[in-house]
Amino acid sequence: MLKRRHGSILKRHGSDKRRRGSSSSVELEVLPHDVIELILERLPVESLRRFRSVSKKWISTIDSPRFQSRQLNLRRQSRGHDLLFVAYYEDPPDNVAQHALGSSSSCRYRTVKFPFPNLLLCYGSCDGLVCLFCIDTPNVVVNPATRWHRSFPFSSLQRRIIDKGPPFGSNPIYELGFGKDKLSGTYKPVWLYNNSSKFGLDNVTTCEVFDFSTHSWRNLVPSSPYPILRFQKPVYFDGSLYWLTDCVEETKVLSFDLHAETFQVICKAPFADDAPRPSNVVLFILDDCLCASEKTWPTQVIWSLDSSSKTWKQMCSIDLTNTFPLFDRYGLMPLPVAILEKNKLYLHGRNYLEPLMLHDLNTKSFEVVSTPTTPGDCIYYFESLFSV
């Protein structure tokens, strides 16, 4: 009721201002500013962007980190996350399509275009920010809700690969992760490479961390003790990045603490095969937990990690028979991206132009939610006002 009543007051004052110009600014002070803040915190980002034009005081309020943190926290508490499909377009970002997911209209599936060619997307989002990268294209952090973006330069190893080309026949593995140091509140892009002797790198991996305050990369020593598994994007969760390792004896889950900037093996992966095909396994976040999945056709199993005991618990097992040929049986396995209303699991195909599908865990049915017309990635996402 508070949101509805005061939201209508704000809309009325906004229309008054358009009719009477600056004279309405006096009427806006009828409400104490702390009350106005409480109302604004409950509004969506699109409305807050419009209300920045009301006054300098409102601009100062909406742009303050304290307000932006509270607005995002309220958004997380009041409704679940949205799903964002990032389309890799060279065209201008002219439109955003969206529709409701499930029986609740609070969760939306949105499609957004970015004018950044040849880029890939880091897994997931952090405080409403997403990070796009490519080995030979400048990296960029974007807020899809506000259209704010900031590029950051090539790392030193990116420059080596650009100058010399990738090592012949080695199919070098490199992935960029993006997350937040929860203690200091700073955001950090992190490159992790499996090394190549062509570049004079004899250790197992190289890790580089970008510092937005100095706008520069720095080499991290020691780096990861294990090479990373192919086709695996690092997953950000609760102040750390996570990878699957490429080990002969068994696949491990490797974490990188973004505050301490240290690597640690936290547990063995739950996979039936100790050395699985990289295209058949994946890490991801589901229901606010670090999860893992393995495909052994025609079954895909999902586990969640207990953060305190570091043990895996099976969440569900999916029969993929009815998804073929919509999902490539021999390609990358579908990525679980969200679970809503306790039993609705959303799976997004990671191969070329594969759809977003809804799997009902109770009835075992499948339904196509959306089929992309251009390559891209689907991630969970919270709208925010944040920038770096």
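First, a word on what this report is: a plain description of the structure on this page. A quick note: this is a predicted structure, and the numbers were derived from the prediction, not measured. (Residues numbered from 1 in each chain as written. Predicted model: local features only at pLDDT ≥ 70, side-chain atom pairs only at ≥ 80, totals over all residues. Heavy atoms only, no water.)

Once that is clear, we can look at the sheet that holds strand 20 (residues 335–340). Sheet architecture is open: four strands sit in the order 20-21-22-23, paired in antiparallel fashion. Here the strands that pair on one side only, and so sit at the sheet edges, are strand 20 and strand 23 (366–370). Strand-to-strand twist in this sheet, taken as the mean axis angle between neighbours without regard to direction, amounts to 30°. Pairing analysis gives four bridges linking strand 22 (residues 356–360) to strand 23, with the strands arranged antiparallel. Across the sheet, His359 pairs through a bridge with Phe366, a residue of strand 23. (Pairing = 2+ DSSP bridges. Helix = DSSP H or I, 4+ residues; strand = E, 2+ residues; numbered from the N terminus. Axes fitted to C-alpha atoms, helices over the stretch in contact; angles between N-to-C directions.)

The next subject is the pattern of salt bridges. When the charged atoms of two side chains with opposite charge come close together, those side chains can pair. Tallied over the full model, the rule gives 16 salt bridges. Measuring nitrogen to oxygen at the nearest pair gives 3.2 Å for the salt bridge that ties Arg66 to Glu37. Linking Arg66 in helix 6 (residues 65–78) with Glu37 in helix 3 (residues 33–40), this pair joins segments that are 29 residues apart in sequence. When its relative accessible area of 48% is taken as the criterion, Arg66 is described as partly exposed. For Glu37, a relative accessible area of 12% translates into the label buried. Between Arg76 and Asp127 there is a salt bridge, and its shortest N-O distance comes to 3.2 Å. Of this pair, Arg76 sits in helix 6 while Asp127 sits in the loop between strand 4 (120–121) and strand 5 (130–134), placing them 51 residues apart in sequence. Note on Arg76: relative accessible area 36%, which makes it partly exposed. Linked through salt bridges whose partners overlap, the residues forming this network are Glu37, Glu41, Arg66 and Arg70. (Salt bridge = Lys/Arg side-chain N within 4 Å of Asp/Glu carboxyl O. Buried < 20%, exposed > 50% of the residue type's maximum accessible area, 1.4 Å probe, protein only.)

This part covers helix 7 (residues 156–164). Those residues of helix 7 that fall on the buried side of the exposure criterion are Leu157, Gln158 and Ile161. When helix 7 is viewed along its axis, its buried side chains cluster within an angular range of 110° and face the same direction. Projecting away from the buried face of helix 7 at angles above 90 degrees are the exposed residues Asp163 and Lys164. On its buried face, helix 7 sits against strand 5, strand 6 (137–143), strand 8 (174–181), strand 9 (186–194) and strand 10 (205–211). Gly165 lies just past helix 7 and shows a positive phi near 85°. (Arc of directions from axis to C-beta. Contact = heavy atoms within 4.5 Å.)

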